[in-house]
Amino acid sequence: MSRRISIFGATGSIGQSTIDLIARDRDAYEVVALTGGANIDQLARDARALGAGLAVTAHEDRLEDLRAALAGSGVEVAAGRTALVEAATRPADWVMSAIVGAAGLEPGLRALQQGATLALANKESMVCAGPLMLATARENKARLLPVDSEHSAVFQALIGEDLTAVERVIITASGGAFRDWPVEDLEKATPQQAATHPNWAMGQRITIDSASMFNKALELIETREFFGLDPEKIETVVHPESMIHALVGFNDGALMAHVGPPDMRHAIGFALHYPARRALPVERLDLVKLGQLSFRAPCETRWPALRLAREVMQAGGLMGAVFNAAKESALDAFIAGRITFPRMAGVVEEVLTRLSSQASHNAAGITLDMVIAADHLARQEARAVMSE
């Protein structure tokens, strides 16, 4: 019997890697829904090739374009936020959550409410509403699996281990486009320069987040939420080769490292086939050819996002939602040329300061409406900060 799957964020790099794996064993899957953004041609091609039941674009004004592209295919089409959420309520066994940003939270929650296995590449879901995501999974007997390469690495290293024996988790970072730039030159950095990653081929926004380390900051918070670790046990190290994705340190002094090429199909494939481990079309490492691996301590002058992440972890409550919303707003402004690269962190820090008293709630009582409200308020504050 075919496994029912849906892919949210199908036209992005994670979605395309997922489709690559699905297409290699097409008869094993029934594709319930594919969703995407403005890349209508790609969404339509994939929906046709996979025989998807439904294709959704997040952009309501592109509905007719999608309808025309899928005319005669038998694929149902829809557009807009409401359609994305409705697609997540359609019965599926396995759902890839790869929508970028806070927009991925509600579809992921709806999929968990259906009891699906949710492969989570949308780190913002855990940053903004980690306790709510975990509680929803428990209540509906759903499974939540990490797909970020770092969190997949931690998850794999912990299989069969006692979490109380963990002394530390080390999340590696490539350092992004500006890891070797003089700090004083960052004021002149352009969005195009920030969107060029030395190791990975990713979308514009996540690549810029890699350069600013806001992506890594989100991953630190996600590690705290996903695995329930104390913030003091979570570390970051700059690892330019991006071959070690994470390490787990135990109370006997041992370090378990997950090592592999920078190919997201590994983490995706692990989540797709879990608990089995199956062959994947990824490069096999030649350690002799690789030669050596290097590590550096992260500089918080260069990457203040890391310090801000620790403050957010300590504060808890809705501060993750505030942090992410302020970050997304600042990123929008940088891409549009309205603020400089270093100013992004300054905007986020000011928003956190202004909203700290309102956002520090008991995490156990957080609801989706509260997260949405905090997100909206933080975006308002970010606009105010940038207009001053």
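Refer to the preceding data block for the structure.
Conventions used here
Sequence positions are assigned chain by chain, starting from 1 and proceeding in written order. Where local features are concerned, this predicted model is filtered to residues with pLDDT of at least 70; where side-chain atom pairs are given and counted, the filter is 80 or more; whole-chain, interface and lining totals use all residues. Side-chain numbers come from the whole structure's heavy atoms, not from hydrogens or water. Two strands qualify as a pair provided that DSSP identifies no fewer than 2 bridges between them. Note on conventions: DSSP H or I runs of at least 4 residues are helices, E runs of at least 2 residues are strands, and numbering of each starts at the N terminus. Between N-to-C directions, angles span 0 to 180 degrees; the directions come from axes that are lines fitted to C-alpha atoms, helices contributing only their stretch in contact. Throughout, a contact is declared for two residues whenever any of their heavy atoms are within 4.5 Å. Partly exposed describes any residue whose relative accessible area lies between the buried limit of under 20% and the exposed limit of over 50%, with all areas from a 1.4 Å probe on protein chains only and scaled to the type maximum. Roughly parallel refers to an angle under 35 degrees, roughly antiparallel to one over 145, roughly perpendicular to one between 65 and 115, and oblique to any angle outside these ranges. Crossing handedness is defined as follows: a turn of the near helix away from the far one that is anticlockwise and smaller than a right angle gives a left-handed crossing, while the clockwise case is right-handed. Any residue that is not Ala, Val, Leu, Ile, Met, Phe, Trp, Tyr, Cys, Pro, Asp, Glu, Lys or Arg is counted as polar, Gly included; the first ten are nonpolar and the last four charged. What counts as a salt bridge is simple: a side-chain nitrogen of Lys or Arg found within 4 Å of a carboxyl oxygen of Asp or Glu. Stacked, edge-to-face and tilted are the three classes for Phe, Tyr and Trp ring pairs, Trp counted by its six-membered ring, which pair at centre distances within 6.5 Å; planes under 30 degrees apart are stacked, over 60 edge-to-face, the rest tilted. Among buried residues, those of type Ala, Val, Leu, Ile, Met, Phe, Trp, Tyr and Cys that are joined through side-chain atoms within 4.5 Å constitute a nonpolar core.

(A) Main features of the sheet that holds strand β10 (residues 244-250). Spatial strand order, β9-β8-β10-β11: four strands in an open sheet with mixed pairing. Here the strands that pair on one side only, and so sit at the sheet edges, are β9 (234-238) and β11 (255-259). Between one strand axis and the next, the sheet turns by 20° as a mean value, whatever way the strands run. The pairing of β10 with β11 spans five bridges and is antiparallel. Bridge assignment links I244 to a residue of β11, and that residue is V259. Relative to β10, helix α7 (residues 149-158) is tilted by about 40°, and along the sheet it contacts β8 (166-173), β10 and β11.

(B) How the structure looks around the environment of D61. Positionally, D61 belongs in the loop between β3 (54-57) and α3 (63-69). Overall, D61 belongs to the exposed group, its relative accessible area being 66%.

(C) Quick look at the packing of helix α14 (residues 319-335) against helix α15 (residues 343-359). Following both chains from N to C, one finds α14 and α15 inclined at 150°, their axes separated by 9 Å at the closest point. The angle between α14 and α15 falls in the class roughly antiparallel. Here α14 and α15 pass one another in a crossing that is right-handed. Between α14, through M319, V322, F323, A326, K327, A330, L331 and F334, and α15, the contact on the second element is made entirely by M344, V347, V348, V351, L352, L355, S356 and A359. Broken down by class, the residue content of the contact of α14 with α15 amounts to 14 nonpolar, one polar and one charged.

(D) Representation of the pattern of salt bridges within the structure. Using the criterion set out here, one finds 26 salt bridges in the structure. A salt bridge links D185 to K188, with the nearest nitrogen and oxygen atoms 3.8 Å apart. Among the residues examined, K188 registers a relative accessible area of 60% and is labelled exposed. For R354, the salt bridge goes to E388, with nearest N and O atoms at 2.8 Å. On the criterion of sequence distance, the pair formed by R354 in helix α15 and E388 in the segment after α16 (368-387) is long-range, its members being 34 residues apart. You can call E388 exposed: its relative accessible area is 66%. Each of D20, R24, D263 and R265 takes part in salt bridges that share partners, so that together they form one network.

(E) Main features of the packing of aromatic side chains. Applying the stated criterion across every chain, the model contains eight aromatic pairs. Arranged with centres 5.7 Å apart and planes meeting at 50°, the rings of F214 and F323 form a pair that is tilted. Taken as a pair, F214 in helix α10 (residues 214-227) and F323 in helix α14 lie far apart in primary sequence, 109 residues in all. Relative accessible area serves as the criterion here: at 0%, F323 is assigned to the buried category.

(F) Representation of the sheet that holds strand β6 (residues 117-120) in the model. Overall, parallel pairing links the seven strands, which are arranged β4-β3-β2-β1-β5-β6-β7 in an open sheet. Each end of this open sheet is capped by a strand with a single partner; those strands are β4 (76-79) and β7 (143-146). Across the sheet, the mean angle from the axis of one strand to that of its neighbour is 15°, orientation sign disregarded. Where strand β1 (residues 3-8) meets strand β2 (residues 29-36), six bridges bridge the pair, whose relative direction is parallel. Looking at the pairing, R3 lines up with Y29 of β2.

(G) Representation of helix α4 (residues 81-88) in the model. Regarding α4, the residues found buried are A83, L84, V85, A87 and A88. In this fold, the buried residues of α4 make contact with β1, β2, β3, β4 and α5 (105-113).

(H) Inspection of the nonpolar core at higher detail. Among the nonpolar cores identified, the biggest contains 130 residues, and L34, M96, M133, F323, F341, M344 and V351 are the most heavily contacted of them. Considering each element in turn, this core owes the most residues, ten residues, to α14.

Read these as spatial facts, not as claims about activity.
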